[in-house]
Amino acid sequence: MKKILSLIMLAVIAVCVNAQSKNKVRKIEYNSAYNYEVVSLSVGVDGTKLVKVYGYGRKPEDAVRNAKELGVACALFRGFPAGADGSVATTPAIVKDPSEPAKHQDYFNKFFATGGQYLQYVNASSDGMPTDRVKVNKKTYKVGVTLSIAYDELRKEMERQGIARALNSGF
Amino acid sequence: MKKIILLTMSALMCASTFGQAKKPTIMVVPSDRYCVERGCSITYNDNGTETTLPDYKKTMQNDSDIRLVISKMSGIMSDRNFPLKDLEQELRNASQESAETKLISGADGGSIAESPIDVLKRTAKADIILDLDVTVNKRGPKKYVTFILNAIDAYTGKNIASSSGAGRPSSSAAPDLLLEEAVLSHMDEFIGRLQNHFDDMFANGREVKVMIKMFNSADMTFSETFPTEDGDIELGDIIEDWMADNCVSGRFSLSDASDNFQKYEQVRIPMMYKRNGRDRAMDTKTFVTNLKKHLAEAPYLIDSKVYVRGLGEAWLIIGEN
């Protein structure tokens, strides 16, 4: 009987440890600077990109806010992938030099602060709360938001700040 | 104090003006396939071989699709402070210049001196050609656009940037809307690749082509030897040594050579050089002129002539000035 009990205890501990490590991985992934879940939807009007970005948060509203932040960060540092059916080509990152974010850390902290300048370059292109949402665990919602990113305006701002190189720089 | 500030500002402005590299010109040209398919081509008999060439003037005059695409691309490039040369306007300018050159005469009746080479050079040209091919295809009731854009360096012939793909089929959108969508979809990717090319150019030098030829009146070949500190060296090797010393990181490739010519490709020339303490932009003409000066010095004392084919290609013809 004792043996059976100890075996059950061991199994429970193993499950808990596994769940904890899964949570840890998830937490690391949420906070990763490289973790963007983005899909290019279609060609936006002049100078904009229409993308679907997935954000995470304790409430759906927080997840939408996170998605907006991630959408702008993705345009800046990673670029958008090509559309699934090939109808939209790849969009390159505005900031190509990987050392630039660290060099301008103060600027980006301010840029991405709550209610910061980044909101000027992103628009949710649907009214109300997005229906594409999943509760991934007790504390976290994952929400997919269709966003219109003002890519050209964002690029011009980065060129003005000297963070991105303009096509004609040096000539 | 104000004077000092003004002087400092003007000095800074001068420095920034002189610190700019030569900007390549870019022009969109419809692909040969596009022109031929639309019936805008010229066919002639070239010594028994039927040859078909694109008729750009006819294409630009008759095809509204290509005008729409070029106009859209020009707008995007202007927005990036890199305006494109307009093919239609360049063709018009070339014929206008030709007519004016024939008509201008001085007070004593002299006309403008023009060699057959000058006439040949008076064509629409650019340093980077954007070779554009668009097709509106049909799949059942739906239409979609295939878009192919290649940036070709006019001198090295290398494809330096490209973007291509087929758009999403639509049964309701008009072809011009699909064309516009194709341009908007591909331009950022294309410009990103063009930017990579420019970044590489600033890091490793501009890639150009240099040809060294001989006038038939020259009393030497590339095997002729000259006495130097390191003993007798052939002319071909002297030129190769100079290239190794003056190219960025010594990068060049002697792709072909004989007793009468040397063909240097993938020659990386510096973007800037110092003159009177100021940075000046380097082009192939300046680079090859420096080689000409080197060969004119003792112990070589060789006469030569520089022939410029554009920003990225120049020839040095040995034997005469």
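Please read all numbers here as calculations on a predicted model, not as lab measurements.

*Asks:* I'm lost on the overall build of chain A in this one. Help?
*Replies:* The secondary structure content of chain A amounts to five helices and five strands. Taken from N to C terminus, the helices and strands of chain A fall in the order α-β-β-α-α-α-β-β-β-α. Within the span of chain A, comprising 171 residues, buried residues form 37% of the whole. For chain A, long-range pairs separated by at least 24 residues make up 64% of all intrachain contacts whose partners lie at least 6 apart in sequence.

*Asks:* How should the sheet that holds strand S15 (residues 313–318) of chain B be read in this particular structure?
*Replies:* Strand pairing in a sheet takes place through backbone hydrogen bonds and is either antiparallel or parallel in direction. All names here are of chain B. Taken in spatial order, the five strands make up an open sheet running S10-S11-S7-S15-S14, and their pairing is mixed. The open sheet has two edge strands with one neighbour each: strand S10 (253–257) and strand S14 (304–310). When the angles between neighbouring strand axes are averaged without regard to direction, this sheet yields 20°. Bridge analysis of S14 against S15 gives six bridges, and the strand direction is antiparallel. Directly across from Val 306, in S15, lies its bridge partner Leu 316. Across the sheet, helix H9 (residues 284–296) lies against strand S7 (206–214), strand S11 (261–269), S14 and S15, angled at about 20° from S15, the strand it touches most.

*Asks:* Sorry, what's going on with the pairing of strand S6 (residues 159–166) of chain B here?
*Replies:* For a regular strand, side chains alternate in direction, first toward one face of the sheet and then toward the other. All names here are of chain B. Both strand S5 (residues 142–153) and S6 contribute to a ladder of seven bridges, which runs antiparallel. Its bridge partner being in S6, Leu 149 is matched across the sheet by Ser 163. Two successive antiparallel strands, S5 and S6, enclose a turn made up of five residues, where Gly 157 displays a positive phi of approximately 75°.

*Asks:* Sorry if this is basic, but what is going on with the pattern of salt bridges here?
*Replies:* Note that side chains of opposite charge can pair when their charged atoms are close. Counting across every chain of the model gives 28 salt bridges over all chains. A salt bridge links Asp279(B) to Lys274(B), with the shortest nitrogen-to-oxygen separation between them at 3.2 Å. When its relative accessible area of 59% is taken as the criterion, Lys274(B) is described as exposed. One continuous salt-bridge network, built from bridges that share partners, spans Glu153(A), Arg155(A), Lys156(A), Glu159(A) and Asp79(B).

*Asks:* I would appreciate a short explanation of the nonpolar core in the present structure.
*Replies:* A general tendency of soluble globular proteins is for nonpolar side chains to be buried together. By size, the foremost hydrophobic cluster in this structure holds 42 residues, and its most contacted members are Met73(B), Met77(B), Leu130(B), Leu132(B), Met187(B), Phe190(B) and Leu194(B). Every element with two or more residues in this core is listed here: strand S1 (26–30), helix H4 (64–79), strand S4 (128–139), S5, S6 and helix H7 (175–204) of chain B. The element contributing the most residues to this core is H7(B), with eleven residues. Counting residues in each nonpolar core, the second largest holds 33 residues, with Ala63(A), Val64(A), Leu70(A) and Val122(A) among its members.

*Asks:* Where do I start with empty space enclosed by the protein in this structure?
*Replies:* Summary: where empty space remains is shown by rolling a probe the size of a single water molecule over the atoms. Per the stated rule, a full pass over the model turns up three cavities of 30 Å³ or more. The wall of the largest cavity is formed by Pro24(B), Asp127(B), Ile128(B), Asp153(B), Tyr155(B), Met201(B), Arg206(B), Glu207(B), Leu311(B) and Gly312(B). In this structure, the second largest cavity is lined by Val43(A), Ser87(A), Val145(B), Gly167(B), Arg168(B), Leu178(B), Glu181(B), Ala182(B), Ser185(B) and His186(B). Broken down by element, the lining of the second largest cavity gets its largest block of residues, five residues, from H7(B). Looking at the lining of the second largest cavity residue by residue, the class counts come to four nonpolar, four polar and two charged.

*Asks:* Is there a simple way to think about the interface of chain B and chain A in this case?
*Replies:* For interface size, the figure often reported is the accessible area lost on association. On the chain A side, the residues contacting the 30 residues of chain B number 26 residues. In total, chain B and chain A occlude about 2400 Å² of area from one another, counting both sides; carbon and sulfur atoms represent 50% of this. Here chain B is connected to chain A by five salt bridges. The tally of links between chain B and chain A comes to ten residue pairs in polar contact (both at pLDDT 80 or more). Of all the secondary structure elements, the ones that give two or more residues to the side of chain B that touches chain A are H4 and H7 of chain B.

About the cut-offs
- Residues numbered from 1 in each chain as written.
- Chains lettered and ligands numbered in written order.
- Predicted model: local features only at pLDDT ≥ 70, side-chain atom pairs only at ≥ 80, totals over all residues.
- Heavy atoms only, no water.
- Helix = DSSP H or I, 4+ residues; strand = E, 2+ residues; numbered from the N terminus.
- Buried < 20%, exposed > 50% of the residue type's maximum accessible area, 1.4 Å probe, protein only.
- Contact = heavy atoms within 4.5 Å.
- Pairing = 2+ DSSP bridges.
- Axes fitted to C-alpha atoms, helices over the stretch in contact; angles between N-to-C directions.
- Salt bridge = Lys/Arg side-chain N within 4 Å of Asp/Glu carboxyl O.
- Core = buried A, V, L, I, M, F, W, Y, C linked by side-chain atoms within 4.5 Å.
- 1 Å grid on protein atoms, 1.4 Å probe; cavity = no way out; pocket = protein on both sides within 12 Å on 5 of 7 lines; lining within 4 Å.
- Points joined across faces, edges and corners; volume = space filled by probe spheres on them.
- Nonpolar A, V, L, I, M, F, W, Y, C, P; charged D, E, K, R; others polar.
- Buried area = accessible area lost by both parts, 1.4 Å probe.
- Polar contact = N/O pair within 3.5 Å; in protein donor to acceptor, adjacent residues only side chain to side chain.

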